[in-house]
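Understanding the architecture of this molecule
Spelled out, the chains give:
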Amino acid sequence: MKNFPVFVFPVSLEFYLNARHTHKQLLTVYNPYEFSVNFKVLCTSPNKFTVIDPEGVIAPQSCIDIVVRYSQPSISHCNSAEKFRITMYDRNTQQALGKRDIPTKLIEGEPCNINQESLGDNFHPLTTKPAPMRTEEHSRVICNHSHHRDQPINVVAVAVSICCIAALLLPTQPEQVLKSQWPEWLHIGSNLKLVFSFVLGLVSMLVLRP
């Protein structure tokens, strides 16, 4: 047998007795070489498993999925170590090129979200914490907040706004049709009202801005 590496994912299979969705799993076999290869799947306990298409051909630089089903899960089979062996052969000479063993076992219970054993005895998952704010950034935020809180209302801007609103309420000259009760000198033209409107808009933006 030649010593060609055989690439298989995953490197192990774990079936859980009380989780039916784990009783059917996939083994992906890769052929990174520039020639086609034959493959064959063997098992130490063929009576416990069903493998769909245990033999076949993998094209160059391709992969194939092999469906593995645990056909007889029972409590008596739990924690017993089994193995699958994936062997690659040369298509012309049928000489074995390489092999890969995939350990598998049936586990009692259901799978956890995180397998603590895979992390090791001394490794634990990390929790995400917000990054601490630097001192100068914290001081800048406090200063900005105090600036907005202590900013006084612009009395002059409010007074100008009131004057502009009052001017806009005056009758327009010379467009009045009925006789007005206001003195004639309080009648202002349209152009002057446009000026007051423009000033009122600028002052409103100054007063109402955040």
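As recorded in an unreviewed UniProt entry, the chain goes by the name Motile sperm domain-containing protein 1 isoform 1, listed as coming from Danaus plexippus plexippus. The record in UniProt for the chain states the following under Subcellular location (unreviewed entry): "Membrane".

Below, the discussion takes up the sheet that holds strand β1 (residues 7–9). Strands in a sheet are paired, the pairing made by backbone hydrogen bonds, and the direction either parallel or antiparallel. If you walk across this open sheet you meet the 4 strands as β1-β3-β7-β5, and the pairing is antiparallel. Since the sheet does not close on itself, it has two edges, and those belong to β1 and β5 (49–52), each with one partner. Pairs of neighbouring strands in the sheet enclose a mean axial angle of 25°, with direction left out of account. Bridge analysis of β1 against strand β3 (residues 24–31) gives 3 bridges, and the strand direction is antiparallel. Its bridge partner lying in β3, Phe7 is registered against Tyr30.

Strand order in the open sheet formed by 5 strands is β2-β9-β8-β4-β6, and the pairing between neighbours is mixed. The outermost strands of the open sheet, each flanked by one partner alone, are β2 (13–16) and β6 (55–58). Geometrically, the sheet is characterised by an average inter-axis angle of 25° between neighbouring strands, direction not taken into account. With 4 bridges joining them, strand β4 (residues 37–43) and β6 adopt antiparallel strand pairing. Of the residues in β6, the one forming a bridge with Phe39 is Gly56.

Attention shifts here to the packing of aromatic side chains. On inspection of all chains with the given rule, the structure shows 7 aromatic pairs. Taking the centre distance of 6.2 Å and the plane angle of 80° together, the rings of Phe4 and Phe35 count as edge-to-face. A residue pair is termed long-range when its members are at least 10 positions apart, and Phe4 in the segment before β1 and Phe35 in the loop between β3 and β4 qualify at 31 residues. Measuring from ring centre to ring centre gives 5.8 Å for Phe15 and Phe49, while their planes differ by 50°; the resulting arrangement is tilted. Remark: Phe49 occurs in strand β5 and Phe15 occurs in strand β2; sequence separation between them is 34 residues. Across the pair, exposure class does not vary: Phe15 and Phe49 are buried alike.

So, on to the pattern of salt bridges. Per the stated rule, a full pass over the model turns up 2 salt bridges. A salt bridge links Arg85 to Asp101; its shortest N-O distance comes to 2.7 Å. Separated by 16 residues along the polypeptide, Arg85 in strand β8 (residues 82–90) and Asp101 in strand β9 (residues 96–107) bring together distant segments of the chain.

Leu27, Val68 and Ile86 are the most contacted members of the largest nonpolar core, which totals 22 residues. Where this core is concerned, the elements lending two or more residues are β2, β3, β4, β7 (62–70), β8 and β9. Those residues in contact with Val68, other than ones at most four positions away along the chain, are Leu13, Phe15, His23, Lys24, Gln25, Leu27, Phe49, Thr50, Val51 and Phe84.

One rule of thumb: low pLDDT means the predicted coordinates there are not for detailed reading. For the chain, per-residue confidence averages 77 on the pLDDT scale, and 64% of positions sit at 70 or higher. Per-element averaging of pLDDT across the chain places helix α1 (residues 116–119) at the bottom with 46 and β4 at the top with 95. Low confidence marks residues 116–120, where pLDDT is under 50. Its contacts with residues over four positions away, or in another chain, come to 5 contacts. Predicted confidence is poor over residues 146–151, with pLDDT under 50, and the contacts of this stretch with residues over four places away or in other chains come to 1 contact.

The rules we used
- Residues numbered from 1 in each chain as written.
- Predicted model: local features only at pLDDT ≥ 70, side-chain atom pairs only at ≥ 80, totals over all residues.
- Heavy atoms only, no water.
- UniProt positions renumbered as here; feature names shortened; annotations may be inferred.
- Pairing = 2+ DSSP bridges.
- Helix = DSSP H or I, 4+ residues; strand = E, 2+ residues; numbered from the N terminus.
- Axes fitted to C-alpha atoms, helices over the stretch in contact; angles between N-to-C directions.
- Phe/Tyr/Trp six-rings, centres within 6.5 Å; stacked < 30°, edge-to-face > 60°.
- Buried < 20%, exposed > 50% of the residue type's maximum accessible area, 1.4 Å probe, protein only.
- Salt bridge = Lys/Arg side-chain N within 4 Å of Asp/Glu carboxyl O.
- Core = buried A, V, L, I, M, F, W, Y, C linked by side-chain atoms within 4.5 Å.
- Contact = heavy atoms within 4.5 Å.
- pLDDT = per-residue confidence, 0-100.

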